[in-house]
Structures are given as structure tokens and as C-alpha cells.
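Tertiary structure, described
So you can see what is in the structure, the chains are spelled out below.
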Amino acid sequence: MLLCFSNRRILSLNIKVFNLMKLREATIQDLPILLEFEKGLIEYERNFTPNLKKSPFNYYDLRKYIEDQEISVVVAEQDNIIIASGYALIRENKHYKNPKNYVFLGFMYVIPEKRGLGINNMIINYLLDWGKNKGYQEFQLEVYAPNTSAIKAYEKAGFTQDTLTMRINTED
């Protein structure tokens, strides 16, 4: 772009155009791509645990989550293409923990070519706002212990580690 000033000097500017990304609540029309994200998430997480079933399965009932007004399923969209997802729902805490209820975050997925750009953090902030607007202050999520990149991202967003589930299978 060229700008002309009154003193006849011409300034040349290089302008970088950023494709805007927006966050929005998912709709039923988004379900096919969200189901693909879920498959991608499951395949990615197979690297961190040996005990996922080999046969096809789903982690979530995404249709139900999208239709439920008490659950926020959010997508990140760029150039009308969904590039990331996440959800927040209310769970009851263990009887010996406070508070009684908390917001559970899950389905944190960003397409591989968009990872590392802060999109997951934007989704987390969206979901934190959703929960805070409902009166909640406690937020939790689960992550496989060997998934160090995810753990670092969640710690950067302010999460701290709590309980670690350990397992043994004597037939492995």
C-alpha cells in the first residue's frame, strides 16, 4: 500500500493480512467435522496409553452436548473452516472435595497445522468465561500424563496438576 503525504514523501508499507478467527457455539451442522476431530483426538491419544479399545468408539456424545443448553461446545473457525474445538460441562465433585460442582473442560482439539498459535488458549478462555458467567470458579480437565506438550499448555493457561491416575495391567 502506498501512502502519499503533503510533503511529497511517499511511504511504502508492507501490510500483512491476518485471516480472522472467530469462536462460536457449535451447531448440529458442525457434527460431521467434530466427529472427525474426535477420531483424530483418539488416534493422537493412543500414543499416550496402551489400553484404548482397538474397535471404533467415541469419547463423547457430541450431538447431546451440542443440543444441551447447559453444555458449551465451542468451535474456532477461520475462513469458514472449523479448526479447533472444546467443551465445558458441569460435573459434581467427589463428596470429599470442594466445591460441590465444577466446570469440566474437554475435547480440546486443534487441527495439526494450526497448533502452537494460541488457539487452544483462546478456547480455554472462552470456556472459562462461560463457566464464570454461570457462577463457577473451579475448572478441571484431564490429560494423559505422558502428553507433556498439553500439560505445558494447560499450565501456561493457569491450571495446576492435581490427582494422577496410575495403572497396572498384569497381562501387558
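Residues numbered from 1 in each chain as written. Predicted model: local features only at pLDDT ≥ 70, side-chain atom pairs only at ≥ 80, totals over all residues. Heavy atoms only, no water.

Quick word on the nonpolar core
Under the convention used in this document: We call a set of buried Ala, Val, Leu, Ile, Met, Phe, Trp, Tyr and Cys residues a nonpolar core when their side-chain atoms join them within 4.5 Å. Buried, partly exposed and exposed residues are distinguished by accessible area as a fraction of the type maximum, computed with a 1.4 Å probe on protein chains only: under 20%, between the cut-offs, and over 50%, respectively. A run of DSSP states H or I qualifies as a helix once it reaches four residues; a run of E qualifies as a strand once it reaches two. Both are numbered from the N-terminal end. In this description, contact between two residues means that some pair of their heavy atoms is separated by no more than 4.5 Å.
In terms of nonpolar packing, the biggest core is built from 40 residues, with L34, V73, Y87, L105, F107 and I123 touching the most fellow members. Those elements giving two or more residues to this core turn out to be α1 (31-45), α2 (62-67), β4 (72-78), β5 (81-92), β6 (101-110), α3 (119-133), β7 (139-141) and α4 (148-156). Ranked by the residues each element gives to this core, the list is headed by β6, at 8 residues. Every residue in contact with L105, bar those within four places of it in the chain, is listed here: Y87, A88, I124, L127, F139, Q140, L141 and F159.

Quick word on the confidence of the model for the protein chain
Applicable threshold: How sure the predictor is of each residue is captured by pLDDT, a score from 0 to 100.
Per-residue pLDDT for the protein chain averages 90, and the proportion of residues at 70 or more is 88%. Here residues 1-18 is a poorly scored stretch, pLDDT under 50, and it has 13 contacts once near neighbours within four places are set aside; other chains count.

Comments concerning the sheet that holds strand β3 (residues 21-25)
Strand pairing in a sheet is mediated by backbone hydrogen bonds. Such pairs are either parallel or antiparallel. Heads up, the rule is: In this description, strands pair whenever DSSP reports at least two bridges between them. Axis geometry follows a simple rule: fit a line to the C-alpha atoms, using only the stretch in contact for helices, then measure angles between N-to-C directions, giving values from 0 to 180 degrees.
Ordered by their spatial adjacency, 5 strands build an open sheet running β3-β4-β5-β6-β7, and the pairing between neighbours is mixed. Unpaired on one side and paired on the other, β3 and β7 mark the two borders of the sheet. In this sheet, neighbouring strand axes are inclined to one another by 25 degrees on average, regardless of whether the strands run parallel or antiparallel. Here 7 bridges tie β4 to β5, and the two strands are oriented antiparallel to one another. Across the sheet, residue Q78 finds its bridge partner in β5, namely I81. This element, α3, spans β3, β4, β5, β6 and β7 of the sheet and lies at about 35 degrees to β5.

Remarks on unusual backbone geometry
The linkage connecting N98 with the following residue, P99, adopts the cis geometry, with an omega of -5 degrees. Relative to the assigned elements, P99 resides in the loop between β5 and β6. With a phi angle near 55 degrees, D79 is a residue other than glycine that sits in the positive phi range. Within the element layout of this structure, D79 appears in the loop between β4 and β5.

Digging into the environment of P99
Since its relative accessible area comes to 32%, P99 is described here as partly exposed. In contact with P99, not counting residues within four places along its chain, are N93 and E138.

Here's the deal with α3
Let me state the cut-off plainly: For a helix, the expected span equals 1.5 Å multiplied by the number of residues minus one.
Between its first and last C-alpha atoms α3 spans 21 Å; for 15 residues at 1.5 Å apiece the expected length is 21 Å, and the two agree. Along α3, the residues classified as buried are I119, N120, I123, I124, L127, L128, W130 and G131. Close packing links the buried residues of α3 with β3, β4, β5, β6, β7 and α4. Phi turns positive one or two residues past the end of α3, at G135, with a value near 95 degrees.

Brief notes about the packing of aromatic side chains
Going by this rule: Each Phe, Tyr or Trp ring (for Trp, its six-membered ring) is paired with any other whose centre lies within 6.5 Å, and the angle between the two planes then decides the class: stacked below 30 degrees, edge-to-face above 60, tilted in between.
Scanning the model with the defined rule gives 10 aromatic pairs in all. Their ring planes at 40 degrees and their centres at 4.8 Å tell us that F37 and Y109 sit as a pair that is tilted. Of this pair, F37 sits in helix α1 while Y109 sits in strand β6, placing them 72 residues apart in sequence. Assessed through its relative accessible area of 5%, F37 is described here as buried. Pairing Y65 with Y87 gives two aromatic rings, centres 5.0 Å apart and planes at 70 degrees, and the pair type is edge-to-face. Taken together, the residues Y65 in helix α2 and Y87 in strand β5 connect sequence positions 22 residues apart. Each member of the pair, Y65 together with Y87, is buried.

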